[in-house]
Amino acid sequence: MAVHKDASLLPEAQRLQGIVARADFTIAKVGISGTKALMEKLYGYGGLPRKPLPPIEPEAFEALWAHPHVQDIVKSERELSGKSAS
């Protein structure tokens with residue numbers, strides 16, 4: 001693991017860690033079904049959870065997708081990877 005001694009990088013690292021932590025907290029609440037649905041929407045894989053887990057309800061997924069924590073991490077990832085925000 002690389003250790004950076006440039007203290008000017010710390011505020012941005014802390015900002016990104018905050019985004020990741022908030023998204024993790026929000027996504028963890030929807031469990032495996034919600035996480036798999038997000039993976040499907042974002043990356044085209046994930047699919048439905050194995051039984052006995054039910055799939056996430058469409059309304060619950062829409063609320064998850066629209067949640068500011070989820071949108072913040074999606075936006076940040078796209079910015080860092082150079083992809084558009086669509």
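Residues numbered from 1 in each chain as written. Predicted model: local features only at pLDDT ≥ 70, side-chain atom pairs only at ≥ 80, totals over all residues. Heavy atoms only, no water.

**Details of the pattern of salt bridges**
Link 1 in the chain: Inspection of the entire model under this criterion finds two salt bridges.
Link 2 in the chain: A salt bridge links E12 to R15, with the shortest nitrogen-to-oxygen separation between them at 2.8 Å. Of this pair, E12 and R15 both sit in helix α1 (residues 10–29), separated by three residues, roughly a single helical turn.
Link 3 in the chain: For R15, a relative accessible area of 39% corresponds to the partly exposed category.
Link 4 in the chain: Between K75 and E79 there is a salt bridge, with its nearest N and O atoms 3.7 Å apart. Within this pair, K75 and its partner E79 are both found in helix α4 (residues 68–81), separated by four residues, close to a single helical turn. (Salt bridge = Lys/Arg side-chain N within 4 Å of Asp/Glu carboxyl O. Helix = DSSP H or I, 4+ residues; strand = E, 2+ residues; numbered from the N terminus. Buried < 20%, exposed > 50% of the residue type's maximum accessible area, 1.4 Å probe, protein only.)

**Observations concerning the packing of α1 against helix α2 (residues 31–43)**
Link 1 in the chain: Two elements in contact, α1 and α2, have axes whose closest approach is 6 Å; the angle formed by their N-to-C orientations is 120°. Residues I27, A28 and K29 of α1 form the contact with α2, whose participating residues are G31, T35 and L38.
Link 2 in the chain: A class-by-class count of the residues in the contact of α1 with α2 yields three nonpolar, two polar and one charged. (Axes fitted to C-alpha atoms, helices over the stretch in contact; angles between N-to-C directions. Contact = heavy atoms within 4.5 Å. Nonpolar A, V, L, I, M, F, W, Y, C, P; charged D, E, K, R; others polar.)

**What to know about the nonpolar core**
Link 1 in the chain: Judged by nonpolar contacts, A23, I27, A37, L38, F61, L64, W65, V70 and V74 together constitute the single largest core of nine residues.
Link 2 in the chain: The set of elements that each furnish at least two residues to this core consists of α1, α2, α3 (58–66) and α4.
Link 3 in the chain: At three residues, the largest contribution of residues to this core is made by α3.
Link 4 in the chain: Ignoring anything within four residues of it in the chain, the contact list for A23 reads H69 and I73. (Core = buried A, V, L, I, M, F, W, Y, C linked by side-chain atoms within 4.5 Å.)

Limitation: the analysis is restricted to geometry and does not speak to function.
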